[in-house]
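Fold and contact review
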Amino acid sequence: MEKFEEIFEFVKNTLSEKRFYHSVCVMERAIEYAKIYGADTEKAKIAGILHDIAKEIPKEDRVSYAENIGVIPDEIEKESTGLLHSKVAAKIAETKFGLDKEICDSIAYHTTGRENMTLLDKIIYIADYTGKDRKYEDTNYMYELAKKDIDAAIIYGLKKTIDLRIKEDKLLHIDTVKAYNFLIKDL
Ligand SMILES: [Fe+2]
Ligand SMILES: [Fe+2]
């Protein structure tokens, strides 16, 4: 797929070696989960490689960069600007590569999750947590869980995110809370 080659080269030329490697690892997991759950593997592959394309924009430039391309930070993103890289990446996916809403949304919500996540949202969210570059003590547990029960893996990941943000005195994004409530209420 010609477009994929172009996107792959763009990611490789934009990101540091370490983050490019992370992107490749997320892409590989995304393809794997897409096959298991019957999602579009091409979309998973593209969203996976591109999801962190905006992660290396310097801290002091994040808000202005976002606003310049038409991403308006919400109250939480203005405080916790690290969150912004997802929506900025989704905007780049849309404007630079003309990618569809399903792909762009999965990139936009890969950090926070959201209420009623699509299958592709779930795949990218959990692929980001379970790439072979991740070295948490529970990475393999999450990977095995994600292959068997993606919702259970997402709940585990959301809890981990919430836990970590509380420990670090960081704001919780409302979309993370909504994602968690949505999945937990039917257990
Ligand atoms: Fe990210
Ligand atoms: Fe990532």
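A few points on the structure.

What counts and how
Residues numbered from 1 in each chain as written. Chains lettered and ligands numbered in written order. Predicted model: local features only at pLDDT ≥ 70, side-chain atom pairs only at ≥ 80, totals over all residues. Heavy atoms only, no water. Helix = DSSP H or I, 4+ residues; strand = E, 2+ residues; numbered from the N terminus. Buried < 20%, exposed > 50% of the residue type's maximum accessible area, 1.4 Å probe, protein only. Contact = heavy atoms within 4.5 Å. Lys, Arg positive; Asp, Glu negative; His and termini not counted. Charge placed at Lys NZ, Arg CZ, Asp CG, Glu CD. Donors = N, O, S within 2.8 Å, 3.2 Å for Na, K, Ca; no water. Tetrahedral: all angles 85-135°; square planar, octahedral: opposite > 155°, others 65-115°.

**Describing the overall build of the protein chain**
When helices and strands are counted, the protein chain shows 11 helices and zero strands. Expressed along its principal axes, the backbone C-alpha trace of the protein chain runs to roughly 40 × 40 × 30 Å. Looking at the protein chain as a whole, 50% of its 187 residues are labelled buried. For the protein chain, long-range pairs separated by at least 24 residues make up 62% of all intrachain contacts whose partners lie at least 6 apart in sequence. Taken together, the 30 basic and 36 acidic charged side chains of the protein chain have centroids lying 2 Å from each other.

**With respect to the coordination of the iron ion (ligand 2)**
Looking at the metal site, the iron ion (ligand 2) is ligated by His 22 (NE2), His 51 (NE2), Asp 52 (OD) and Asp 128 (OD), spaced 2.2 Å from it. Viewed at the metal, the four donor atoms of the iron ion (ligand 2) are separated by angles of 83 to 175°, and the geometry they form is irregular. If you list the donors of the iron ion (ligand 2) from N- to C-terminus, the spacing comes out as H-x28-H-D-x75-D. The metal-metal distance between the iron ion (ligand 2) and the iron ion (ligand 1) comes to 3.5 Å, with Asp 52 coordinating both. One end of the pair, His 51, is in the loop between helix H3 (41-50) and helix H4 (62-68); the other, Asp 128, is in helix H8 (residues 119-130), and 77 residues separate them in sequence.

**Considering the coordination of the iron ion (ligand 1)**
Donor atoms from the polypeptide that coordinate the iron ion (ligand 1) comprise Asp 52 (OD), His 85 (NE2) and His 110 (NE2), at 2.1 Å from the metal. For the iron ion (ligand 1), the single-chain donor residues occur in sequence as D-x32-H-x24-H. The exposure class assigned to His 110 is buried, which follows from its relative accessible area of 2%.

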